[in-house]
Amino acid sequence: KLQFLYLIGPDRQQEDTTMFTVLACADLQGGKVNLEVTFPALPNLTDLTRRVEEVFTGEVRALGATGVAADFRISKMQIYDDVFLKWVDLVSSTQLHEYDQIYVFQPQTYWHVDTQQDLPAPRQPTIGGPAATSAAAPPASVQRPSYATAAPPAQAYPPAGYGNQSQAGGETAFQDKATAVFKDFDGRHQGFLEYPEFERAMRDRGLDFSSNTLSELFYKADLDRDGRVTFDEWANWAQIYPNTLETLFLRCKDTSEEAQLRREITRTQDQIAANRARIEQLQRETEQNRSADAAMQSKVSGLQQQAQLAAQSRQKVTQEERELIEEEIKLERQRDQMRLQQQRFQEVSDRFNRGSQSKGSPRRARDVPA
């Protein structure tokens, strides 16, 4: 049975349990001062505030600053979030990890205004800080605020095949898993992993380790220290952490299924958007048809009014027509009167003729034209 003697230097775990270091930066006399502030253990916000104020008060006095308060006071603290890659307000000690970078703001006055500058490399406090030899070096971290941090001491790595993953029958499956996880992490298809996407992928798959642990894992994989992990380096890392690889592989499978669901959701949402666009188009067309219908209804009403006016105009009799009709009626009345007089005359004439004939009058009967 093979055994490996894996030497990585002093026992860091023992040091970490006896000292908790936070990097605190503030603005003093127009310049940035970044200090390593140590605690026996993870501090709460009250202890952190008190300790940082004590350390920077010592710096103010050591600098002999004039025109400023003798005691350093904090109005607000922010911490650099390695996940979102930005500064956020420090509101709980649960946000703190070893060697996290914080920035402390003083009350803004006429004598003091914080300025926007790059953060300098951290150093030991001038007064009240531990000896330089007792401070542990911070772990490497690719995404940090813009200052140069000391790299951890180099570590010797065992050759590829470390662990029990090279046994016959399991190598192919193991390599397939390593390949699948690497491709899943390499979302931009670059052929290598950088720290931001490595950290984001680890956290997205539930391995929400501290920034120090993630930095250590990335440092283990990056054998040539170029800030990138190639597939060969990843394969070596996977053999060092087989259980971690197995966990990631299972999470990647879940992530693929979720990705399929997300794609289906996206397609459905696109269809919904298309349906809504069609509904809006139909609504616009309906509104246009309603407008056209209203216009035609208005036109019909106008035409009906014109027809009614024309009918009314046609039914009215002009003055000339009325006079002509009245004269015509009068004439016919006169004709009726003449016909009646003629009839009466004829009746009288007929009676006269009959009377003359019956009496034997010599007067001859006259013929009266009808």
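Bear in mind the structure is a predicted one, so any value in this text is a computation, not a measurement.

A. Geometry of the pattern of salt bridges. Tallying each qualifying case throughout the model produces 19 salt bridges. Look at the salt bridges and you will find they share partners, linking Glu 53, Arg 61, Asp 71 and Arg 73 into a network.

B. Molecular detail of the confidence of the model for the protein chain. The pLDDT averaged across the protein chain works out to 77; a share of 75% of its residues lies at or above 70. When mean pLDDT is compared element by element in the protein chain, strand 6 (residues 192-194) scores highest at 94, while helix 1 (residues 12-18) scores lowest at 45. Scored below 50 in pLDDT, residues 1-17 makes 14 contacts in the model with residues more than four places away or belonging to other chains. Throughout residues 131-169 the model reports pLDDT below 50, and contacts reaching past four residues in sequence, or to other chains, amount to 83 contacts.

C. Region of the structure containing the sheet that holds strand 4 (residues 86-89). Taking strand neighbours across the sheet as the criterion, the five strands line up as 2-1-5-3-4 in an open arrangement whose pairing is mixed. The open sheet has two edge strands, strand 2 (31-39) and strand 4, and neither has a second partner. Adjacent strand axes in the sheet meet at a mean angle of 30°, parallel and antiparallel pairs treated alike. When strand 1 (residues 20-28) meets strand 2, the two strands line up antiparallel, connected through nine bridges. Counterpart to Ala 26 in the pairing with strand 2 is Val 33. Docked against the sheet, helix 2 (residues 45-63) engages strand 1, strand 2, strand 3 (76-81) and strand 5 (101-105), running at close to 130° with respect to strand 2.

D. View of the nonpolar core. By size, the foremost hydrophobic cluster in this structure holds 25 residues, and its most contacted members are Val 181, Phe 185, Met 202, Trp 234, Trp 237 and Leu 248. At the level of elements, helix 3 (171-185), helix 4 (195-204), helix 5 (211-221), helix 6 (231-240) and helix 7 (242-315) are the ones that each hand at least two residues to this core. Ranked by the residues each element gives to this core, the list is headed by helix 3, at five residues. The residues touching Phe 185, leaving out its near neighbours within four places in the chain, are Leu 193, Glu 197, Phe 198, Ala 201, Met 202, Arg 205, Trp 234, Leu 248 and Cys 252. Counting 22 residues, the second largest nonpolar core, distinct from the first, contains Leu 35, Val 37, Val 60 and Ile 102.

E. Summary view of the packing of helix 4 against helix 5. Packing of helix 4 against helix 5 brings their axes to within 10 Å, and their N-to-C directions diverge by 120°. The angle between helix 4 and helix 5 falls in the class oblique. At the point where helix 4 passes helix 5, the crossing takes the right-handed sense. For the pair helix 4 and helix 5, contact is made by Tyr 195, Phe 198, Glu 199, Met 202 and Arg 203 and by Ser 211, Leu 214, Ser 215, Leu 217 and Phe 218, respectively. Grouping the constituent residues of the contact of helix 4 with helix 5 by class yields six nonpolar, two polar and two charged.

Rules of the game
- Residues numbered from 1 in each chain as written.
- Predicted model: local features only at pLDDT ≥ 70, side-chain atom pairs only at ≥ 80, totals over all residues.
- Heavy atoms only, no water.
- Salt bridge = Lys/Arg side-chain N within 4 Å of Asp/Glu carboxyl O.
- pLDDT = per-residue confidence, 0-100.
- Helix = DSSP H or I, 4+ residues; strand = E, 2+ residues; numbered from the N terminus.
- Contact = heavy atoms within 4.5 Å.
- Pairing = 2+ DSSP bridges.
- Axes fitted to C-alpha atoms, helices over the stretch in contact; angles between N-to-C directions.
- Core = buried A, V, L, I, M, F, W, Y, C linked by side-chain atoms within 4.5 Å.
- Buried < 20%, exposed > 50% of the residue type's maximum accessible area, 1.4 Å probe, protein only.
- Parallel < 35°, antiparallel > 145°, perpendicular 65-115°, else oblique.
- Left-handed = near helix turned anticlockwise from the far one by under 90°.
- Nonpolar A, V, L, I, M, F, W, Y, C, P; charged D, E, K, R; others polar.

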